[in-house]
Amino acid sequence: MVNPECEFNNTDHRTELNGVERLIVRRGQPFTINLHLRSGVYQPGGSALNLTVETGPQPSDQYGTQASFGLTDQIDTSRWSAAVTSPPGNMVSLSICSPPDAPIGRWRLTLGQVGRVDFVLLYNPWCTGDVVYMDSEDKLREYILAQDGIIYRGGWKYPIPTPWNYGQFEDGILNVCLRILDMNPKCLRNPGKDASGRRNPIYVSRVLSAMVNCNDDKGLLLGRWTDDYDGGVSPLSWKGSVEILRNWDTNACQPVRFGQCWVFAAVACSVSRALGIPCRLVTNYNSAHDTNSNLVIERYVDENGQLVQKSRDMIWNYHCWVENWMTRPDLKPGFDGWQVMDPTPQEKSEGVYCCGPIPLKAIKEGELTYKYDAPFVFAEVNADVHTFMKRKDGSTKNIISSVNVGLKISTKSVGSDRREDITHLYKYPEGSDEEREAFTKANHQNKLLQQQDNAGLLIVIKVSAEMRKGCDFDVFAVITNNTPNEKKCRLVFGSRAVSYNGILGENCGFKDLLNVQLAPGEGQLRIALRMNYSKYAENLTEDNLIRLAALLLDYGTQEAYLAVRNVVLVNPEIKVRILGEPKENRKLAAEITLQNPLPVPLKNCCFTVEGSNLTGGQIVTERLNSTVEPGQDAKVKIYFTPTHSGLRKLVVDFDSNKLCHVKGYRNVIIGK
C-alpha cells in the first residue's frame, strides 16, 4: 500500500491551505512517500525499485516531462531522485525530489509494481535553485501566501485603497488554474511542448497574460469599458477572484462578463500565486496608452477645452498590471527580479493580446529591445503629451499644457495595508542625468527636447479639501500673470464625468468668462466653479470621477494655456464591527454599517461579504427591506465560520439604487 503522506508533505511544502486530501508539492524540495509492504521486509541493497514520473498527455524524456530513476544512497536535488530514509522493515519511507526546473502541473509517480501516486508540482520560491526564488520570508508571506490584498484606484492626488480577495487557496481554485494552462492555444496545438514549457515562468507568465483575457482564446474575462453591462455584471461588483475563476470553470470555459484592468490584474495575481510565482499588483496613475509606438500621446481639445476623441492614444486615470518575480536567463545579467506582466487586452504582442514579462530595470534604463513589449510599458510611464486645439474651421493650434504620465506607481506594502510608492523602480528622478541617458537610449527625443516654458501665464486647478459624493463643493482655476504687462484673457472652465480609462461623459458644470483681466507682475486670480450634486449625480460613472479643464486664451498673444485635473468623489466609509472572539471553526458575527451621505433615499440596499478562510469560499449576501433616508444608517448583521487561523480580510461591498459598489474591509485575526 502506498501512503503519500499528504498532510505532512503539504504542510512541509506550504501548500496545506489547498487542502490535505491530495499531494501538492513544490519543485526542488524532497517529499516523503511511505510504502507498506504486504509481505516480506525491505533490505537495503537486496530490493530494487524503479520509479517513473510523467506529466502531460505526451510524456517524453527529451522534453523533460518523463523520467525513470532508481533508489540511491541519498537524494540529488538537481534531478529526479529517490532514497530510502527508514530502517529495514515492512514499512519503507522514501524521500523523493524533483529538479528545481521541472515543469509544473499534474504528475504521475509509478513505484514499480507497488503502486501509483498522482500529485501536483508547483514552482518553489523557497528553493535557491528555482528561478522564482525569493530570499525573504516576509515577502513570500505577502507575495505567495497572502490570500487578500489592496488595489489602488481613484486618482494620483487621492489614491483609494480597494480590498480584494485573491483566494488562491480556496477549494478547487488550483484545479481551475491548471485548467487555464491546459486550455491555452499553445497547449491545444502542441500539448507535449507546452507541458515542457511550463518549467519556465517566463513562458507561463506570457500564457497567463493571454488567457486572463478572452480576446484570442477560451480565456477567463471579457473586458467592457462602457456603462452597458447587459449579459454580465459591472467590473466594480467583483470583490475577489474566486467567483470569477469558478464561473469560468463551471461554464465550459466561457468568458466571465465583465472585467476592467484591476480585475484582469487581480485574477492574474491569484493564478500566479497559486502556481508558486511571487506576484504583486501595481497601479500606475496617469497611465499612457500609446497605440503607434512613437512615445507621444497626442490629445485634441475643442475651443471649450473639452477633449475631442481624434486619436486612439489615451491617458488612463490609472492602469493596473502585475509584477511577477523571476530570473531572466534569456537576457544579459542584471535584469532579474520583478517583471511587468499585463493581462488587460490593449495591444497585440506577437499576434496575441498579451504583454510581458519585461524587467522593471529594462523600463528604467530605456532598454526597449528587451523581451517582451518594452516599448509599450515604457510609454505607459514615460510618454510625452502634446495637446492641440481643434478649431471650428478645422485648423489646429498647439496648446501650452503640463501633463505628466507615470505618477505615484503604487503597490501594497509587505505585511501591512500601507501604500508603497515604487515609481523609482520604473523611472529615474525627473531631470536627472540618468533619466536623460535612459531617454537617449530609448530614442525618446520628444522628452529630451522638453516643452518650452510658457510665456509668463500660468493656470492650475485647485480643489476643496473634502469632495464627498452627495455634497456640493467648489473647484478653482488659479491664474498667475508673471509678465510685466496687464493681460486680458478668456477663461473657459468646464467639468465632465469621466471613466477611469479617459472616456468622457456628460457636463457637470461650466463657466465661460470673456473678460478676465490680470494685473502685471505675479498678479493672481482665483475663479470658482460650483459643483452641485443635483447636476453631477446623474452623470457620474461608477468610477466617481470628474474631469476639470480650464482653458485660458490670451487675447494679446493668441496663446492658449490648458490645465486639466481629474477629481475623485469619495464614497462613505463602511464600518465593520466583529462581535465575539474570532476562533477557528467557530461561528462569528459581523455588524456592518454605512451612513447614507446623499440628499436622497437609498433603495434596494444590499451588503455582500467574502473572505478567504472566513466565508467558506462563498459570498454571503444580506438585503435590507427598508429604504434608508438621508443621514440614516444602513445596518446588517452577517454570520460566517472561519476555517483557518491567522490574519484574514473580510471584504465588503454595498450596492443600492443611488450608491453603487462601495467597498470596505476589516482585518480579522482568527485564533486557534
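Residues numbered from 1 in each chain as written. Predicted model: local features only at pLDDT ≥ 70, side-chain atom pairs only at ≥ 80, totals over all residues. Heavy atoms only, no water.

Draft legend 1. Region of the structure containing the overall build of the protein. Within the protein, the secondary structure is distributed over 14 helices and 38 strands. Against the compact-globule benchmark of 26 Å for 672 residues, the protein has a radius of gyration of 29 Å, which places it among compact chains. Principal axes of the C-alpha set define a box for the protein whose edges measure 105 × 60 × 40 Å. Across the protein, contacts joining residues at least 24 apart in sequence account for 67% of those joining residues at least 6 apart. Accessible area for the protein stands at about 27700 Å²; split by element, carbon and sulfur atoms hold 46% of it. (Helix = DSSP H or I, 4+ residues; strand = E, 2+ residues; numbered from the N terminus. Rg over C-alpha atoms; globule rule 2.2 N^0.38 Å. Contact = heavy atoms within 4.5 Å. Areas by Shrake-Rupley, 256 points an atom, 1.4 Å probe, with all protein chains shown as cover.)

Draft legend 2. Representation of the packing of aromatic side chains within the structure. Across all of its chains, the model carries 21 aromatic pairs by this definition. Measuring from centroid to centroid gives 6.2 Å for Trp-225 and Phe-264, while their planes differ by 20°, and the two rings are stacked. One end of the pair, Trp-225, is in the loop between β12 (221-223) and α7 (242-250); the other, Phe-264, is in helix α8 (residues 261-275), with 39 residues separating them in the sequence. Taking the relative accessible area as the measure of exposure, Trp-225 reaches 24% and is therefore partly exposed. (Phe/Tyr/Trp six-rings, centres within 6.5 Å; stacked < 30°, edge-to-face > 60°. Buried < 20%, exposed > 50% of the residue type's maximum accessible area, 1.4 Å probe, protein only.)

Draft legend 3. Molecular detail of the sheet that holds strand β18 (residues 337-341). In space, the 6 strands of this open sheet follow the order β19-β18-β17-β14-β23-β24, with antiparallel pairing throughout. Either end of the sheet is taken by a strand with one partner, and the two such strands are β19 (358-359) and β24 (419-421). In terms of strand pairing, strand β17 (residues 314-326) meets β18 through 5 bridges, oriented antiparallel. Directly across from Val-322, in β18, lies its bridge partner Met-341. Here helix α10 (residues 374-382) sits on the sheet in contact with β14 (279-289), β17, β18, β19 and β23 (407-412), set at roughly 70° to β14. (Pairing = 2+ DSSP bridges. Axes fitted to C-alpha atoms, helices over the stretch in contact; angles between N-to-C directions.)

Draft legend 4. Broad picture of the nonpolar core. Counting 76 residues, the largest nonpolar core has Trp-164, Leu-221, Trp-262 and Leu-275 as its most contacted members. The next biggest cluster of nonpolar side chains, apart from the first, holds 56 residues, and it includes Val-475, Leu-491, Ala-590 and Val-636. (Core = buried A, V, L, I, M, F, W, Y, C linked by side-chain atoms within 4.5 Å.)

Draft legend 5. Structural detail: the pattern of salt bridges. Applying the stated criterion to the full structure yields 27 salt bridges. Arg-153 is the salt-bridge partner of Asp-543, the closest N and O atoms lying 3.6 Å from each other. Taken as a pair, Asp-543 in the loop between α14 (533-536) and β30 (545-554) and Arg-153 in strand β10 (residues 148-155) lie far apart in primary sequence, 390 residues in all. For the residue pair Asp-543 and Arg-153, the accessibility class agrees, reading buried in each case. (Salt bridge = Lys/Arg side-chain N within 4 Å of Asp/Glu carboxyl O.)

Draft legend 6. Highlighting the domain arrangement of the protein. Taken as a whole, the protein is organised into domain 1 (2-122), domain 2 (144-446), domain 3 (451-568) and domain 4 (574-670). The C-alpha-based centres of domain 1 and domain 2 are spaced at 38 Å. A combined buried area of about 1800 Å² lies between domain 1 and domain 2, and 56% of that area is made up of carbon and sulfur atoms. Our enumeration of links across domain 1 and domain 2 arrives at 1 salt bridge. Linking domain 1 with domain 2 are 7 residue pairs in polar contact (both at pLDDT 80 or more). Within the residue set of the side of domain 1 that touches domain 2, elements represented by two or more residues are β2 (23-26), β8 (105-111) and β9 (115-122). Classifying every residue of the side of domain 1 that touches domain 2 gives 9 nonpolar, 6 polar and 6 charged. (Domains from an automatic or database assignment. Buried area = accessible area lost by both parts, 1.4 Å probe. Polar contact = N/O pair within 3.5 Å; in protein donor to acceptor, adjacent residues only side chain to side chain. Nonpolar A, V, L, I, M, F, W, Y, C, P; charged D, E, K, R; others polar.)

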